[in-house]
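For reference, the chains in residue letters:
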2 protein chains.
Amino acid sequence: MDPLAMVPQVVLMGPGPSLVHPATLRAMAAPTLGHLDPRFLAIMDETVARLREVFETANRLTLPVSGTGTAGMETALANVVEPGDRVVVVVAGYFGQRMVEMARRLGAEVDVVEVAWGHAADVEAVAAALRRGRAPKALAVVHAETSTGVLQPLREIAAQAHEVGALVVVDAVTSLGGVPVEVDATGLDVCYSGSQKCLSCPPGLAPVTVSPRALETMERRRHDVYSWYLDLRLVARYWGQERFYHHTAPVNMVYALRQALELIREEGLVARFERHRQVARALWAGLEAMGLRLAVGEPGLRIPSLTTVWVPEGVEDAPIRQTLLHEHGIEIGGGLGPWKGRVWRIGTMGESARLRYVIQLLAALGASLRRAGVRVDVGAALAAAGSVGQAAT
Amino acid sequence: MDPLAMVPQVVLMGPGPSLVHPATLRAMAAPTLGHLDPRFLAIMDETVARLREVFETANRLTLPVSGTGTAGMETALANVVEPGDRVVVVVAGYFGQRMVEMARRLGAEVDVVEVAWGHAADVEAVAAALRRGRAPKALAVVHAETSTGVLQPLREIAAQAHEVGALVVVDAVTSLGGVPVEVDATGLDVCYSGSQKCLSCPPGLAPVTVSPRALETMERRRHDVYSWYLDLRLVARYWGQERFYHHTAPVNMVYALRQALELIREEGLVARFERHRQVARALWAGLEAMGLRLAVGEPGLRIPSLTTVWVPEGVEDAPIRQTLLHEHGIEIGGGLGPWKGRVWRIGTMGESARLRYVIQLLAALGASLRRAGVRVDVGAALAAAGSVGQAAT
């Protein structure tokens, strides 16, 4: 059977993957080159140069790890943390909790700053945790918590960490390429992302960047990194000019990432961030005009690329999402952990951050809710979204 | 610039990646689906079912790890080995040595059975190592050592390991899909591969299969696996019917693997193995008729998918390979470790295992060597290859 026949075009508005531009899909289907072919090495170099642009960093050690965003998280923690190190983790949702679990497995003594779901971390509480007990090796935080829809106050948290000499490890999986991360200006030491969110590349690569300070710490490690595959000192020698053989890069995935980054460069970061903000505002206006309630009350805390909205009282989560997917060809996500069944997660990431998709979604969601017996005002939703989002196309 | 313009079609006859069938490249470029979309879940299930066929196993726990072949090696070792475990590793080349390094990082007490490069392991020596000291948790061996071109006596080694109750961990990166591995019949407990060799899929996935016995051992672990990303108990819950969220599968890479496995199924494993043998015999006959010397003397020890041939006395390795790549559009590999500069490594894997490519390579290599002043008989090489390889097209 033709494999394409199994794969319809779905408007991806879940928590990732996002829509991939046809040019990126085409690039991925280019003939596979040998991973040491000089023409592929040139593509690797270009990819790294463009990753630096999107991370807004001068960090020499910047590369895509050959795994998904979760591999990025593990790479960041495994290279920084040594057994017995004290690590402070801000846990404001599902992915913060995952960092705790990983750091624990790596032998760290983990101190958690617990933040209620849907809220931003209290910088004072973070500062207090950093100063409690012996000096922490690192502070880890998820910038855009995909499980809650809250953007954490990165700059303030990073400043606190630096005051006590801790390295700042940041998960920018859902923010990079859609929301300013500004690795150098914000003072991040290790920052990672995934290819399939605001970069709009298929899943499979995890861009990572490491500050000179963090690199120095890695070079002074007492123990080898448990993982040979994710040991950045080895991976860096492969992606660097030495081309030291480590593993075979996922050649075609790198083609795709390079192309996705090229599209970002053509658009420009400033315009891209503005598009994400504009589209998100249209979505928020539409959802609220429809009568739904956003899970993150304060607009300033909301992630422009990932919106959480409460499932209306008396409505079953899954059937609505199934209707959207199978009848309307639109994917949105359900909740995770304590918010399972309680929220919908709507992604407006990268190529998916277009007003036309917001309009499609509002219409489809409105129709599905009405059919489920919920009184929602679809006309008002479309009008509100359209008027707010006009600038974003 | 059009990304395709940077990527010419190269005949990939190095140690991997191998040529990818156009249908597989096309499948990879299908629209990205959500990783929990039921249509993608069906593709995951099909991929797993076909992986079982190519591994020739009934193992329930069979899946592609979201990383390259090296991630497969690490997954296999990290899930089996616990700190303090005794592990016997057969080191007959570069990749066996890599297993030692990984096992050491995982805290194992590693016992090495050293085998001279270019030779097969002495089964008696393996048996003796297994019985020396306390009972080993596992024996690890590379089936087809890509650095030397030697196929190791898997069945005999596995039998010895089972006699002392050790789990058998096998690297089938260069053999799976081109050379019989027969996981169940051979008695392998954990076996892994890479997508980019005899499976002829782009690099980026590492098929892994685990026997019920090994799974039981994993379930009785005293320590968590250091790696959360590669923890098979978690990954299995994602690939299994539970669909427990662990990471976002590399959706388009899975499309490609599924399609590559479909092509293998259409050809049939028996026919595919025979094609690899036939093409290899043609290559060997051609190289020898040209006056070159194969690095593995005994034909029965040679890997049908990866041939090592000595660089002729007085010839510089790299310029010849550059001529092949840039003038003839053919990639072959250089040597690793002690064989760097001394051998060429010629892959006839998957889609690259075709008589026409062997003929192209022999003609190009012959021409390049003659230009470098080496007297080689290209006519004899082509005649020998053609007559031996006639059955393989």
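Residues numbered from 1 in each chain as written. Chains lettered and ligands numbered in written order. Predicted model: local features only at pLDDT ≥ 70, side-chain atom pairs only at ≥ 80, totals over all residues. Heavy atoms only, no water.

Chain A goes by Alanine--glyoxylate aminotransferase family protein in an unreviewed UniProt entry, where it is assigned to Geochorda subterranea. What UniProt records for chain A under Cofactor (unreviewed entry) is the sentence "pyridoxal 5'-phosphate". (UniProt positions renumbered as here; feature names shortened; annotations may be inferred.)

Tallying secondary structure elements over chain A gives 14 helices and 14 strands in all. Taking 21 Å as the expected radius of gyration for a compact globule of 393 residues, we find that chain A reaches 21 Å, a close match to that expectation. Each principal axis of the C-alpha atoms in chain A carries an extent, and together these give about 60 × 55 × 35 Å. Counting all 393 residues of chain A, 68% fall into the buried class. Contacts in chain A between residues at least 24 apart in sequence constitute 72% of all its contacts with a sequence separation of at least 6. (Helix = DSSP H or I, 4+ residues; strand = E, 2+ residues; numbered from the N terminus. Rg over C-alpha atoms; globule rule 2.2 N^0.38 Å. Buried < 20%, exposed > 50% of the residue type's maximum accessible area, 1.4 Å probe, protein only. Contact = heavy atoms within 4.5 Å.)

Take the pairing of strand β11 (residues 306-310) of chain A next. The element β11(A) is largely enclosed, with a buried count of 5 among its 5 residues. On β11(A), burial covers both faces: L306(A), T308(A) and W310(A) on one face and T307(A) and V309(A) on the other are all buried.

Residue and element names in this part refer to chain A. With respect to topology, 3 strands assemble into an open sheet ordered β11-β14-β13, the strand pairing being antiparallel. Two strands bound the open sheet, and with one partner strand each, they are β11 and β13 (333-334). Relative to strand β14 (residues 343-347), β11 runs antiparallel, the two being bridged by 5 bridges. Within the sheet, the bridge partner assigned to V309 lies in β14 and is W344. Contacts from helix α11 (residues 269-290) reach β11 and β14, with the element oriented near 10° to β11. (Pairing = 2+ DSSP bridges. Axes fitted to C-alpha atoms, helices over the stretch in contact; angles between N-to-C directions.)

Between chain B and chain A, the contact holds 69 residues from the first and 69 residues from the second. For the interface between chain B and chain A, the tally reads 4 salt bridges. A salt bridge links R104(A) to D224(B); the nearest nitrogen and oxygen atoms lie 2.7 Å apart. At the boundary of chain B and chain A, one finds 16 residue pairs in polar contact (both at pLDDT 80 or more). At the level of elements, α1 (22-28), α2 (38-55), α3 (69-80), α4 (94-105), α10 (251-267) and α12 (317-328) of chain B are the ones that each hand at least two residues to the side of chain B that touches chain A. With 7 residues, the single largest contributor to the side of chain B that touches chain A is α4(B). Looking at side-chain class alone, the side of chain B that touches chain A contains 38 nonpolar, 18 polar and 13 charged residues. (Salt bridge = Lys/Arg side-chain N within 4 Å of Asp/Glu carboxyl O. Polar contact = N/O pair within 3.5 Å; in protein donor to acceptor, adjacent residues only side chain to side chain. Nonpolar A, V, L, I, M, F, W, Y, C, P; charged D, E, K, R; others polar.)

This paragraph deals with the relation of the copies chain B and chain A. Superposing chain B onto chain A takes a rotation of 180° plus a shift of 0.0 Å along the axis, which leaves an RMSD of 0.0 Å. Both copies are brought into coincidence by an operation consistent with a two-fold rotation axis. Minimal C-alpha separation from the rotation axis in chain B is found for G67(B), amounting to 2.5 Å. When the interface residues of chain B are mapped onto chain A, 100% of them are again interface residues, pointing to one common binding face. (Least-squares fit on C-alpha atoms with pLDDT ≥ 70 in both.)

Across a sheet, strands are paired by hydrogen bonds formed along the backbone, either parallel or antiparallel in direction. Residue and element names in this part refer to chain B. Read from one edge of the open sheet, 7 strands run β2-β10-β9-β8-β5-β3-β4, paired in mixed fashion. Whereas interior strands pair on both sides, the edge strands pair on one side only; in this sheet they are β2 (61-65) and β4 (109-114). The average undirected angle you get between the axes of adjacent strands in this sheet is 15°. As judged from the 3 bridges shared by strand β9 (residues 190-192) and strand β10 (residues 206-210), these two strands associate in the antiparallel manner. Of the residues in β10, the one forming a bridge with Y192 is V208. Its contacts with the sheet put α3 on β2, β5 (138-142), β8 (167-171), β9 and β10, and the angle it makes with β9 is roughly 165°.

With that out of the way, let us pick up the environment of E53(B). Residue and element names in this part refer to chain B. Mapping E53 onto the fold places it in helix α2. Separated by 211 residues in sequence, E53 and I264 place their C-alpha atoms 9.7 Å apart. Not counting residues within four places of it along the chain, the set of residues in contact with E53 comprises R265 and L269.

Further remarks concern the packing of aromatic side chains. Under the counting rule described, the total for this entry stands at 13 aromatic pairs over all chains. Centroid distance Y226(A) to Y226(B): 3.6 Å. Interplanar angle 5°. Geometry classified as stacked. In this pair, Y226(A) sits in the loop between α8 (212-219) and α9 (232-239) while Y226(B) sits in the loop between α8 (212-219) and α9 (232-239), so the two residues belong to two different chains. The aromatic ring of W284(A) is capped on one face by R302(A), whose charged end is 4.9 Å from the ring centroid. Sitting above the plane of the F244(B) ring, R237(B) keeps its charged end 3.8 Å from the centroid. (Phe/Tyr/Trp six-rings, centres within 6.5 Å; stacked < 30°, edge-to-face > 60°. Lys NZ or Arg CZ within 6 Å of the ring centre and 35° of its normal.)

Here we take up unusual backbone geometry. Going from G16(A) to P17(A), the amide bond is cis rather than trans, its omega being 5°. Positionally, P17(A) belongs in the loop between β1 (11-12) and α1 (22-28). Look at S200(A): it is not a glycine, yet its phi comes out positive at around 55°. Looking at the element boundaries, S200(A) is found in the loop between β9 (190-192) and β10 (206-210). Overall, the relative accessible area of 3% leaves S200(A) in the buried class. Non-glycine residue E56(B) carries a positive phi angle of around 55°. Here E56(B) shows up in the loop between α2 and β2.

The figure often quoted for interface size is the accessible area lost as the parts come together. All names here are of chain A. Domain parsing of chain A yields domain 1 (31-266) and domain 2 (268-389). Look at where the C-alpha atoms of domain 1 and domain 2 centre, and you get two points 29 Å apart. Contact residues are listed per partner, giving 28 residues for domain 1 and 21 residues for domain 2. With both chains or domains summed, domain 1 and domain 2 bury close to 2,100 Å², and 67% of this area falls on carbon and sulfur atoms. (Domains from an automatic or database assignment. Buried area = accessible area lost by both parts, 1.4 Å probe.)

Right, let's talk about the nonpolar core for a bit. Counting 274 residues, the largest nonpolar core has L369(A) and L369(B) as its most contacted members. With residues up to four places along the chain from it excluded, the contact list for L369(A) reads M290(A), L292(A), P312(A), V315(A), I320(A), W344(A), V374(A) and V376(A). (Core = buried A, V, L, I, M, F, W, Y, C linked by side-chain atoms within 4.5 Å.)

All names here are of chain B. For the pair helix α11 (residues 269-290) and helix α14 (residues 378-389), the least separation of the axes is 7 Å and the interaxial angle reads 155°. In terms of their interaxial angle, α11 and α14 are classed as roughly antiparallel. Our pair here, α11 against α14, has a crossing hand that is right-handed. Between α11 and α14, the contacting residues are Q278, R281, A282, A285, G286, A289 and M290 on the first element and A380, A381, A384, A385, V388 and G389 on the second. Residue classes in the contact of α11 with α14 are distributed as 9 nonpolar, 3 polar and 1 charged. (Parallel < 35°, antiparallel > 145°, perpendicular 65-115°, else oblique. Left-handed = near helix turned anticlockwise from the far one by under 90°.)

With that settled, consider the pattern of salt bridges. Between side chains of opposite charge, a pair can form as their charged atoms come close. The final tally for this structure, using the stated rule, is 57 salt bridges over all chains. A salt bridge links E46(B) to R50(B); the shortest N-O distance between them is 3.3 Å. Here R50(B) and E46(B) lie together in helix α2, a separation of 4 residues that amounts to about one turn. Residues joined by salt bridges that share partners form a network here, namely E101(A), R104(A), R105(A), D224(B), D231(B) and R233(B).

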